[in-house]
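Residues per chain are reported as follows:
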Amino acid sequence: MDNWNESFFPFILYLLLIILVVVLIILILKLIRTVGKVDQVVEDVNYKVNKLNGLFEIIDYTTDTLVSFNDKIINFISNGITSFFKRKSRKKKKGEKENE
C-alpha cells in the first residue's frame, strides 16, 4: 500500500503538469492570433490616417492664413484707436497750456 501512494501522487502531479503545459500552449497560440489581428487593425488605421494627412495640412494652412489675416486687422484697429486717443490727449494738453 505504501508503494502505491509513492507512485500514484507523482503520476497525478505529472499528469496535471502535462495538462497545464497543453493549456498554456493553447493560450499562447490564441494570443499570437489575437496579436496578429490587432496588428492588421493598427496598420489599417495607420494607412487611413496617412491618407488624411493632406487634408489636415490644408486645414492647418488655412487656419494659419486666417489667423495672420485676423492679426493684421486687429493690429490696424488697435493702432487706429491708440492714435485717436493720443491725438485727443495732445489737443487737451495744448488747450490747457493756452489757458494758462
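First, a word on what this report is: a plain description of the structure on this page. Throughout, residues of each chain are indexed from 1 in the direction in which the sequence is written. Totals for whole chains, interfaces and linings use all residues, but because this is a predicted model, local features are given only for residues with pLDDT of at least 70 and pairs of side-chain atoms are given and counted only at 80 or more. Hydrogens are left out, water is left out, and the side-chain values use all remaining heavy atoms of the structure.

**As for the overall build of the chain**
- Scanning the chain from N- to C-terminus turns up one helix and zero strands.
- Burial analysis of the chain (100 residues in total) assigns 0% to the buried set.
- Each accessible area is a Shrake-Rupley estimate made with a 1.4 Å probe; only the visible protein chains count as cover when residues are assessed. Total accessible area on the chain is roughly 9900 Å²; 67% of this is exposed by carbon and sulfur atoms. Strands are runs of DSSP state E lasting at least 2 residues, helices are runs of H or I lasting at least 4, and numbering of each runs from the N terminus. With a 1.4 Å probe rolled over the protein chains alone, any residue whose accessible area is under 20% of its type maximum counts as buried; one over 50% counts as exposed, and the rest are partly exposed.

**Notes on the pattern of salt bridges**
- We define a salt bridge as a contact between a side-chain nitrogen of Lys or Arg and a carboxyl oxygen of Asp or Glu at a distance within 4 Å. Summed over all chains, the structure comprises one salt bridge.
- Note that Asp44 is salt-bridged to Lys48, the shortest N-O span being 3.5 Å. Separated by four residues within a single helix, Asp44 and Lys48 lie in helix H1 (residues 2–99), roughly one turn from each other.
- When its relative accessible area of 36% is taken as the criterion, Asp44 is described as partly exposed.

**Considerations on the packing of aromatic side chains**
- In this analysis, rings of Phe, Tyr and Trp, with Trp reduced to its six-membered ring, are considered paired at centre separations within 6.5 Å, and the interplanar angle assigns stacked below 30 degrees, edge-to-face beyond 60, and tilted for intermediate values. Scanning all chains against the criterion turns up two aromatic pairs.
- When the ring of Phe84 is compared with that of Phe85, the centres are 5.5 Å apart and the planes differ by 70°; the resulting orientation is edge-to-face.

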